[in-house]
Protein chains: 2
Amino acid sequence: MTDMMQRIVLAARPQGTPKPADFRLESLPVPTPGKGEILVRVIWLSLDPYMRGRMDDAKSYADPVPLGGVMEGGTVAEVIASDHPKWQVGDIVEGRFGWQSHAISDGAMLRRLDPAQAPVSTALGVLGMPGITAYVGLNDHGRPKAGETLVVSAATGAVGSLVGQLGKAYGLRVVGVAGGARKCAFAVQELGFDACIDHRAAADASAMRKELAKECPAGVDIYFENVGGKTLEAVLPLMNPLGRIPVCGMISWYNEGALGAGAASTMSMPALWRSILVKRLAVRGFIITDHYDRFPAFLAEVSGHLASGKVTYRETIAEGLEAAPEAFIAMLGGGNFGKQLVRVSPDPTRG
Amino acid sequence: MTDMMQRIVLAARPQGTPKPADFRLESLPVPTPGKGEILVRVIWLSLDPYMRGRMDDAKSYADPVPLGGVMEGGTVAEVIASDHPKWQVGDIVEGRFGWQSHAISDGAMLRRLDPAQAPVSTALGVLGMPGITAYVGLNDHGRPKAGETLVVSAATGAVGSLVGQLGKAYGLRVVGVAGGARKCAFAVQELGFDACIDHRAAADASAMRKELAKECPAGVDIYFENVGGKTLEAVLPLMNPLGRIPVCGMISWYNEGALGAGAASTMSMPALWRSILVKRLAVRGFIITDHYDRFPAFLAEVSGHLASGKVTYRETIAEGLEAAPEAFIAMLGGGNFGKQLVRVSPDPTRG
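Residues numbered from 1 in each chain as written. Chains lettered and ligands numbered in written order. Predicted model: local features only at pLDDT ≥ 70, side-chain atom pairs only at ≥ 80, totals over all residues.

Participant: When you look at the sheet that holds strand β9 (residues 173–178) of chain B in this model, what are you seeing that I'm missing?
Facilitator: Taken in spatial order, the twelve strands line up as β10(A)-β9(A)-β8(A)-β11(A)-β12(A)-β13(A)-β13(B)-β12(B)-β11(B)-β8(B)-β9(B)-β10(B) in an open sheet, and their pairing is mixed. Whereas interior strands pair on both sides, the edge strands pair on one side only; in this sheet they are β10 (195–198) of chain A together with β10 (195–198) of chain B. Across the sheet, the mean angle separating the axes of adjacent strands is 15° when strand polarity is ignored. Sitting on the sheet, helix α4 (residues 181–189) of chain A touches β9 (173–178) and β10 of chain A, and the angle it makes with β10(A) is about 170°. (Pairing = 2+ DSSP bridges. Helix = DSSP H or I, 4+ residues; strand = E, 2+ residues; numbered from the N terminus. Axes fitted to C-alpha atoms, helices over the stretch in contact; angles between N-to-C directions. Contact = placed C-beta atoms within 7 Å.)

So, in structure tokens, the structure goes:
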């Protein structure tokens, strides 16, 4: 009898918020690696907000997932068969195998992980793509100076939690924005932020701005943007002259489809443009794939902080590949707490 | 009999577009310089779009002109009395004496001009504040590379005309946007732009975008923003990944008062934010007073271009201080052609 594998494909392009029927779980025989190839078993699948963009047909910085195609995603996997000199059975690797239980690879674009250095799941979080996103966004585009004030939205997410902790390491005042009292308490007590505003407790942008202003008595020098929406509108008037806004994401707007003139915002373009001009703001969109030359510097610094305990992280784990769609949908609504992972198969390196 | 001088003060804060009654012409005795002071006679007054911002009470990067206060502005003036060792009668200086015929100064913040080097009125234009604005905006915030495409709005204005000519000197494709066929012809024939789009001939942003797209077959790498409005909306979808938008002005929106949510724009905040993120744009507001350390480099380069004929300029001259309000109002509507000046008194250096 042939061994079977599972994969999740894009069944339909979502209208607004994705629903379970936009995904389809498929079973098929585990493929056999050819000459020079390896076969891997996926252990951890990373769920990330950018995946919402890949589900749309809109032109973006990356091609959309085709209908019927396997959902893209970063993974940690174990090599279970190899005809490749560089890779041995039992190796744990990080690679973009997507939402599936097994995959074939020619061995390129993989990174070998050392389970003795850090839990291998961190290669998808604090020591992986979200980590370098936080590092590059804060350092290269935020250009922090000790004593400045940093506001970070999605503050307990995989990116935001490292942004804020790095900010503290650099001597900044750090104020998070997160959804719910539990996340806010975590940001202050576990991540060491100076304060955290609960956007769910604020009726509107104006109410949130009042809360933020209290915690940012010297104004805001860097706003690390992960969400857009109400939080952006709350922060913008608090920005100091020569402030920086690294634009990393806009999760509150990801489900609005083509984002036409009708998409929700109470702020006008002229008002935004006037803020940028009068305050001489530097607003910089960035996509981490443009910046992988910074990976060695990032890894050296953040793995050091992780080892010394200066930086910590939190994971939310969904069990089994079939749980991925619901976990992804929940994450878009803020249901995760820290890095959202799917345990696709048992992690042999975890006790 | 005492000699009399004239000055123009802010009589009322404008609602929308300024009107003549928002200004008041006053006559008063010419003051007598005290110990260590000089008396100047203003020759040239510069009219610039930023002055519209100073008429509002809104918080900005500079304090507003108080009601009853002399309108601010850059001038070229002649020293006609001096008790200051550094300044002699007959010296031609550039300084911020505002909308008036005479002024007293302690001699600080003045720049001596050499009429043999260039017409002294250029100290208010191509070799002055508009010039360094063009130079810093294009070089420091636009970061041009030969072969790229630059779009500049208000293309025949004091700033835009130098932006485009510098762009050509740096090997860029340069496409201007200006109001009217006459200005567009000037941009191409006299300033050497590759093309110029007449925004008055375009029914809306979408029509303008089609014209721009034809002239920018490789997309837009730098949009030098002077106007906001329809032009911004036309250009934004044409921006290339990693494009740069130096935000120097937004003259089409200056008369919209406090620029609340109702100010005119058909583009939504989320759509703009998505462009910035997906295209990894660098949007940078700037105010030239932050960058006067660049003055020597600017002056060396641009005075060289001017001497060699690589850079040219055009002036619109209003005659007499009393003509300043109407000329200023016309300029906000695009009525000027090149640098808008007021000849307050005869220029002894001009033939």
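Participant: Help me out: how do you make sense of the packing of helix α2 (residues 129–142) of chain A against helix α8 (residues 295–308) of chain A in this one?
Facilitator: Geometrically, a packed helix pair is captured by the angle between its two axes and the distance between the axes. All names here are of chain A. Running from N to C, α2 and α8 point in directions that differ by 100°, and their axes come no closer than 10 Å. When the interaxial angle is binned, α2 and α8 end up roughly perpendicular. From α2, G131, I132 and Y135 reach across to α8, where they touch F295, F298 and V302. Per-class residue counts for the contact of α2 with α8 are five nonpolar, one polar and no charged. (Parallel < 35°, antiparallel > 145°, perpendicular 65-115°, else oblique. Nonpolar A, V, L, I, M, F, W, Y, C, P; charged D, E, K, R; others polar.)

Participant: What should I look at first to understand the domain arrangement of chain A in this one?
Facilitator: Often, the extent of an interface is quoted as the loss of accessible area upon association of its parts. All names here are of chain A. The domain boundaries assigned to chain A delineate domain 1 (4–125 + 313–343) and domain 2 (129–290). Computed from C-alpha atoms alone, the centre-to-centre distance between domain 1 and domain 2 is 28 Å. Contacts between domain 1 and domain 2 engage 16 residues on the former and 15 residues on the latter. Across the side of domain 1 that touches domain 2, the residue classes tally to six nonpolar, eight polar and two charged. (Domains from an automatic or database assignment.)

Participant: Help me understand the packing of helix α2 (residues 129–142) of chain B against helix α3 (residues 158–169) of chain B, please; the structure alone is not making it clear to me.
Facilitator: All names here are of chain B. Where α2 meets α3, the axes come as close as 8 Å, and the angle between the chain directions of the two elements is 45°. One element, α2, and the other, α3, form an angle in the oblique class. Between α2 and α3 the crossing geometry is right-handed. Of the residues in α3, those in contact with P130, G131, T133, A134, Y135, G137 and L138 of α2 are A158, V159, L162, V163, L166 and G167. When the residues that make up the contact of α2 with α3 are grouped by side-chain class, the tally is nine nonpolar, four polar and no charged. (Left-handed = near helix turned anticlockwise from the far one by under 90°.)

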